[in-house]
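Here is how the chains run, residue by residue.
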Amino acid sequence: MFLINNVYWKLAFVNPTFPLLQRINGDYSIGACDNLTRTIYIN
């Protein structure tokens, strides 16, 4: 876990085709964050 601006975030290394990395246009990003679960996903 990481503390960023007094908020604890989890870090998860995921598959390049992980659904949360997919953008609206269908491309995949190398990272994304989910504010609800406070998780940062990294490809």
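Above this text is the structure in question.
Residue indices follow the written sequence of each chain, beginning from 1 at its first position. Side-chain atom pairs in this predicted model are given and counted only at pLDDT of 80 or more, local residue features only at pLDDT of at least 70, and totals for whole chains, interfaces and linings cover all residues. Only heavy atoms go into the side-chain values, all of them from the structure, while hydrogens and water stay out.

Caption draft 1: Fine view of the environment of Phe13. The helix count covers DSSP runs of H or I at least four residues long, the strand count covers runs of E at least two residues long, and both are numbered beginning at the N terminus. Tracing the sequence through the fold places Phe13 in strand E2 (residues 7–13). Remark: exposure states derive from per-residue accessible area (1.4 Å probe, protein chains only) relative to the maximum for the residue type, with buried under 20%, exposed over 50%, and partly exposed in between. Exposure remark for Phe13: the relative accessible area of 67% places this residue in the exposed category. C-alpha of Phe13 to C-alpha of Arg38: the two residues are 25 residues apart in sequence and 14 Å apart in space.

Caption draft 2: Main features of the sheet that holds strand E4 (residues 39–42). In this analysis, strands are considered paired if DSSP registers two or more bridges between them. Strands sit in the order E1-E2-E4-E3 across an open sheet of 4 strands; the sheet is mixed. Both edges of this open sheet fall to strand E1 (2–4) and strand E3 (31–34), since each of them pairs with a single strand only. Each adjacent strand pair in this sheet contributes to an overall mean axis angle of 30°, direction not counted. Across 3 bridges, the pairing between E1 and E2 is antiparallel. Residue Phe2 lies in a different strand from E2, and its bridge partner there is Trp9. Here the axes come from fitting lines to C-alpha atoms, over the contacting stretch only for helices, and the angles between their N-to-C directions go from 0 to 180 degrees.

Caption draft 3: Spotlight on the environment of Asp34. Within the secondary structure, Asp34 sits in strand E3. Given a relative accessible area of 19%, Asp34 falls into the buried group. With 28 residues separating them in the primary sequence, Asp34 and Asn6 have C-alpha atoms 16 Å apart. A contact between two residues is defined here by any heavy atoms of the two lying within 4.5 Å. Not counting residues within four places of it along the chain, the set of residues in contact with Asp34 comprises Trp9, Leu20, Thr39 and Tyr41. Polar contacts, as counted here, are pairs of nitrogen or oxygen atoms within 3.5 Å of one another; within protein the pair requires one atom able to donate a hydrogen and one able to accept it, and residues that are adjacent in sequence qualify only if both atoms are side-chain atoms. Only 3.0 Å separates the side chain of Asp34 from the backbone nitrogen of Leu36, close enough to count as a polar contact.

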